[in-house]
Amino acid sequence: MRFRAKIVDLACLNHFSRVINTIAKLAKTCTLRLTVSKLYFILSDKVANGGVSMWCELCQGNFFDEFQMEGVAAEHNEIYLELVPENLSRALKTAQNAKAVKIKLTNKHCPCLRVAVELPSLSSSSRIVTHDIPVGVIPRRLWNDFREPSVPDFDVSIYLPVLKTMKSVVERMKNLSNSIVIEANLSGEMNLKIETDLVSVTTHFKDLGNPPWASEDGCQSSAQGRDLENMAEARIDIKKLQQLLAGQQVNPTKALCNIVSKRIVHFILLHEDVSLQYFVPALA
């Protein structure tokens, strides 16, 4: 089992750092899955137990100048590691204007991801700062626990408003209630509502647009023949929504959410080379 990678391009390095910072805000620990072409950051709290889950996918070719890996076996050419993303985020903070960053899986006293940051220096020799980030190697028999979450057949899919706007709305509401109702319809309308004994506040968004999921073969047929004005809604933990919005450093080109009434809200944030899915279960 071997893995080594190198980033030289500064723009790629900063972009990679932002992705890791976002993940560190969403998950205390997560699973890093390495394949030949992609990296995945996975948080699979069982949604059924009220936990959120996350699936973030990066094409390695868009970030790394060199990328070599050998998985646990020829037919299972993948590596699954458990790590604390905050540690990786911290290591990358020292690489703001680095000449190069190398990441390597090592096993001195315990398995580690070694992040070696080559910093520019005035003399001819370069300074190298290394960080050893402890990781756990996840055995092959447990890999099935980290499959991509399936997207349930949703009632409504809608583009999100500008995330900064949504974030400021949610931050104000957070002081009034622990939960928030997200409701949306197929006419591009979405409301964020909180209702307590003392106060009821609703923010309306219009003309957001609905993604063209309803394909010709009708595989998302639940949306067809439905009343376009009809609202689908789910009440979720406001902190989990705020975490997602506050952690955003990737500036997605597209952001949308799918609502399964009273069951789950599924957020999808897309950027050219990164896709982040975040599943928040509804509260009873």
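For the structure itself, look to the data block above.
Residues numbered from 1 in each chain as written. Predicted model: local features only at pLDDT ≥ 70, side-chain atom pairs only at ≥ 80, totals over all residues. Heavy atoms only, no water.

Q: Describe the packing of helix H3 (residues 163–174) against helix H4 (residues 238–246), with residues and values.
A: Two elements in contact, H3 and H4, have axes whose closest approach is 9 Å; the angle formed by their N-to-C orientations is 145°. The element H3 and its partner H4 pack so that their crossing is left-handed. Along the contact surface, H3 presents Leu163, Met166, Lys167, Val170, Glu171, Met173 and Lys174, while H4 presents Ile238, Leu241, Gln242, Leu245 and Ala246. Looking at the contact of H3 with H4 residue by residue, the classes come out as eight nonpolar, one polar and three charged. (Axes fitted to C-alpha atoms, helices over the stretch in contact; angles between N-to-C directions. Helix = DSSP H or I, 4+ residues; strand = E, 2+ residues; numbered from the N terminus. Left-handed = near helix turned anticlockwise from the far one by under 90°. Contact = heavy atoms within 4.5 Å. Nonpolar A, V, L, I, M, F, W, Y, C, P; charged D, E, K, R; others polar.)

Q: Which residues make up unusual backbone geometry, and what values do they have?
A: In terms of backbone geometry, most residues other than glycine have negative phi values and most peptide bonds are trans. Residue Asp207 is not a glycine yet carries a positive backbone phi of 55°. Within the fold, Asp207 resides in the loop between strand E14 (200–205) and strand E15 (232–237). The backbone phi angle of Lys262 is positive, close to 60°, even though this residue is not glycine.

Q: So what's going on with the packing of aromatic side chains? Residues and values would help.
A: As enumerated under the stated definition, the model contains seven aromatic pairs in all. An angle of 50° between the planes, with centres 5.3 Å apart, marks the rings of Tyr40 and Trp55 as tilted. In this pair, Tyr40 sits in strand E3 (residues 38–44) while Trp55 sits in strand E4 (residues 53–59), placing the two residues 15 residues apart along the sequence. Comparing Tyr40 with Trp55, the two get one shared label, buried. Ring centres 5.4 Å apart and planes at 55° place the aromatic pair Phe64 and Phe67 in the tilted group. With a relative accessible area of 8%, Phe64 lands in the buried category. Feature note: the residues Phe3, Phe16, Phe63, Phe64 and Phe67 constitute an aromatic cluster, connected by ring pairs. Seen from the ring of Tyr40, Arg33 lies directly overhead, with NZ or CZ sitting 4.4 Å from the centre. (Phe/Tyr/Trp six-rings, centres within 6.5 Å; stacked < 30°, edge-to-face > 60°. Buried < 20%, exposed > 50% of the residue type's maximum accessible area, 1.4 Å probe, protein only. Lys NZ or Arg CZ within 6 Å of the ring centre and 35° of its normal.)

Q: Please give an account of the packing of helix H1 (residues 10–26) against helix H2 (residues 85–93) that cites residues and values.
A: Following both chains from N to C, one finds H1 and H2 inclined at 150°, their axes separated by 8 Å at the closest point. Between H1 and H2, the crossing angle belongs to the class labelled roughly antiparallel. The hand of the H1/H2 crossing is left-handed. Contacts from Leu13, Phe16, Ser17, Ile20, Asn21, Ile23 and Ala24 in H1 reach Pro85, Glu86, Leu88, Ser89, Leu92 and Lys93 in H2. Of the residues contributing to the contact of H1 with H2, the split by class is eight nonpolar, three polar and two charged. (Parallel < 35°, antiparallel > 145°, perpendicular 65-115°, else oblique.)

Q: Quick one: what's the story with a nonpolar patch on the surface, residue by residue and with numbers?
A: A surface patch of nonpolar side chains, amounting to about 240 Å² of accessible area, comprises Met1, Val72 and Val137. Here Met1 is to be found in the segment before strand E1 (2–7). (Patch = residues over 30% accessible without salt bridge, like charges linked within 9 Å, V, L, I, M, F, W, Y side chains within 5 Å. Areas by Shrake-Rupley, 256 points an atom, 1.4 Å probe, with all protein chains shown as cover. Salt bridge = Lys/Arg side-chain N within 4 Å of Asp/Glu carboxyl O.)

These results come straight from atomic positions and should not be treated as a statement about function.
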